[in-house]
Amino acid sequence: MKTQVAIIGAGPSGLLLGQLLQREGISSVIVEAKSAEYVLGRIRAGVLEQGSADLLREAGAGERMDREGHVHEGFSLAFAGRRERIDLKALTGGKTVMVYGQTEVTRDLMAAREAAGGVTFYEARDVKPEGFYGDTPRVSFLKDGERVDIECDYIAGCDGFHGVCRQSVPREAITCFERVYPFGWLGILSRTPPAAPELIYASHERGFALCSMRSDTLSRYYVQCSLDDRVDDWSDDRFWDELRRRLPEDVAASLTTGPSIEKSIAPLRSFVAEPMKFGRMFLVGDAAHIVPPTGAKGLNLAASDVRTLHRVLSIRYREGREDILEQYSPACLRRIWKAERFSWWMTSLLHRLDDDPFSRRMQLADLDYFTHSAAGRTTIAENYVGLPYEPIA
Ligand code: RFL
Ligand code: PHB
């Protein structure tokens, strides 16, 4: 089997790339280790930058998002009994974010790919990117016990943090930067109305908490937890009690609780691999970088990598310019490091870091300063809505 771009991974990165390439007349085949149902069962991101929402529209998969998603013009930071609103729209010259779940984004992209007749192999085993330092790269895998080989011009490694692509690169060709945080997030999804119309990020002596949502009837909440905690340690009642204790009193008092329909623990990590291009293979999204979820940047960074790869591949195929491909890695990394910085900073600002009262006073001073200075609020807002995309020439 032959294609122009072999894409490994059918998460949001792989599916979005496939869709954008298809619109440009560039063929792709997607190879995914799990089933489509499994991919759709992962509850993850909820906040899309305006640029990510625009990209979904460009991919022809934005219709339901525009109908069912919610545009948010601000969010709040809660600390020391106060609630400070960051007015995203006013502080960024009109930019907003879209609250629309990653599950729905993935579902819409899968439907768009099916409608366009795109080829996707699910439940592929022993997937291997091969020959990417030469002129004839291949992706090889087992499907229903048979080995399949896909010959291609380029490989897009969209296979997430634990994927095979980054691991296939020779050790000396890649440098990884990492910070692992000494706490995690326990998240639940419940069929209850959201605690407030906008997101609330709460910094409390007992630890961080976040009120988010998927719709008017579906809420997503998180509390900072210990890395030793197991999901089974947290009954729904324990979760709701802990959440209430960390929220502003009025929000806690009006919180609607109900049975959780999903509950999971995620560790927090910052990670960047450099470079992101190895011969004819590109790393995209979580395969190349991870951010702690505090800044809502993971999916958005994946989308901006896809945007850049789509732009350079389009120029490559339209104009025959191979040199343009060299811009992929530096252009992506410039934006990635700024999002890494923001996510790390938001994480340090809002979580319980240690038992040192001095650390807590520094956090409160930072929160007080940033929410009361126009420059501080603007800094938070312009990072949250998403920094400008790096130009490709
Ligand atoms: P994904 O989504 O991990 O998809 C990778 C796909 O590759 C497949 N795969 C393989 N396929 C073939 N062969 C192999 N050897 C393979 N190995 C793996 C996997 O099965 C999978 O289907 O990566 P992608 O596409 O780069 O997308 C990245 C995003 O999923 C991620 O950045 C976000 O979910 C991060 N994130 C958030 N991002 C935001 O922008 N806003 C948020 O509000 C936000 N909240 C979150 C989050 C992530 C969270 N967790 C659990 C990590 C909240 C949480 C709790
Ligand atoms: C979510 O709704 O899952 C969510 C929202 C904002 C974040 C992280 C996760 O910063």
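Conventions adopted
- Residues numbered from 1 in each chain as written.
- Chains lettered and ligands numbered in written order.
- Predicted model: local features only at pLDDT ≥ 70, side-chain atom pairs only at ≥ 80, totals over all residues.
- Heavy atoms only, no water.
- Near = heavy atom within 4 Å.
- Polar contact = N/O pair within 3.5 Å; in protein donor to acceptor, adjacent residues only side chain to side chain.
- Areas by Shrake-Rupley, 256 points an atom, 1.4 Å probe, with all protein chains shown as cover.
- Helix = DSSP H or I, 4+ residues; strand = E, 2+ residues; numbered from the N terminus.
- Nonpolar A, V, L, I, M, F, W, Y, C, P; charged D, E, K, R; others polar.
- UniProt positions renumbered as here; feature names shortened; annotations may be inferred.
- Core = buried A, V, L, I, M, F, W, Y, C linked by side-chain atoms within 4.5 Å.
- Buried < 20%, exposed > 50% of the residue type's maximum accessible area, 1.4 Å probe, protein only.
- Pairing = 2+ DSSP bridges.
- Axes fitted to C-alpha atoms, helices over the stretch in contact; angles between N-to-C directions.
- Contact = heavy atoms within 4.5 Å.
- Lys, Arg positive; Asp, Glu negative; His and termini not counted.
- Salt bridge = Lys/Arg side-chain N within 4 Å of Asp/Glu carboxyl O.

## Concerning the site of ligand 1
Near ligand 1 you find 32 residues, and of these S13, E32, R42, Q102 and L299 are the closest. Contacts to ligand 1 include A296, whose backbone N or O atom sits 3.2 Å from an oxygen atom. In isolation ligand 1 offers 1,000 Å² of accessible surface; the protein chains occlude 86% of this area. Counting residues per element, the shell around ligand 1 draws most heavily on helix α9 (residues 298-319), at three residues. Class assignment for the residues of the shell around ligand 1 results in 15 nonpolar, ten polar and seven charged.

## Overview of the site of ligand 2
Lining the immediate surroundings of ligand 2 are 14 residues, of which Y201, S212, R214, Y222 and P293 lie closest. The side chain of R214 places a nitrogen or oxygen atom 2.7 Å from an oxygen atom of ligand 2. Taken by itself ligand 2 offers 280 Å² of open surface, and the protein chains cover 96% of this. Those elements that place two or more of their residues in the shell around ligand 2 are β15 (207-215) and β16 (218-225).

## Observations regarding the UniProt feature "domain: FAD-binding" (unreviewed entry) in the protein chain
In this structure's numbering, the residues bearing the UniProt feature "domain: FAD-binding" (unreviewed entry) are residues 2-343. With 31% helix and 33% strand, residues 2-343 has end C-alpha atoms that lie 40 Å from one another.

## Some details on the nonpolar core
L16, F141 and L309 are the most contacted members of the largest nonpolar core, which totals 75 residues. It is α9 that contributes the most residues to this core, eight residues altogether. If you look at the next biggest cluster of nonpolar residues, it comprises 31 residues, including L77, L367, I380 and V385.

## Comments concerning the sheet that holds strand β3 (residues 47-49)
Within the open sheet, the three strands sit side by side as β3-β7-β4. Their pairing is antiparallel. The sheet terminates laterally at β3 and β4 (70-72), the two strands that pair on one side only. Going from strand to strand, the sheet's axes swing by 35° on average, the running direction of each strand aside. Across three bridges, the pairing between β4 and strand β7 (residues 97-99) is antiparallel. Pairing of H72 across the sheet is with V97, part of β7.

## Some details on the environment of G118
Secondary-structure assignment places G118 in the loop between α6 (102-115) and β8 (119-121). Of the residues examined, G118 reaches a relative accessible area of 31% and is grouped as partly exposed. Sequence spacing of G118 and R57 is 61 residues, and the spatial spacing of their C-alpha atoms is 18 Å.

## Focus on the sheet that holds strand β17 (residues 260-274)
Across the sheet, eight strands lie side by side as β6-β5-β14-β15-β16-β13-β17-β20; this open sheet has mixed pairing. This sheet does not close on itself; its edge strands, each paired only once, are β6 (82-87) and β20 (289-290). Where β15 and β16 come together, six bridges link them in antiparallel fashion. Residue pairing across strands places S215 opposite L218, the latter belonging to β16. Together, β13 (175-190), β14 (200-204), β15, β16 and β17 form the strand contacts of helix α7 (residues 236-246), whose direction differs from that of β16 by roughly 80°.

## Thoughts on the side chain of E340
By secondary structure assignment, the location of E340 is in helix α10 (residues 328-350). There is no salt bridge for the buried E340, and the closest opposite charge comes from R179, which lies 9.4 Å off by N-O distance. Not counting residues within four places of it along the chain, the set of residues in contact with E340 comprises S270, F271, V272, H289, I290 and V291.

## Section: the pairing of β16
Burial within β16 is extensive, with eight of its eight residues counted as buried. Pairing analysis gives seven bridges linking β13 to β16, with the strands arranged antiparallel. Each residue of the ladder has a partner; that of L186, found in β16, is V223. The antiparallel hairpin formed by β15 and β16 contains two residues in its connecting segment.

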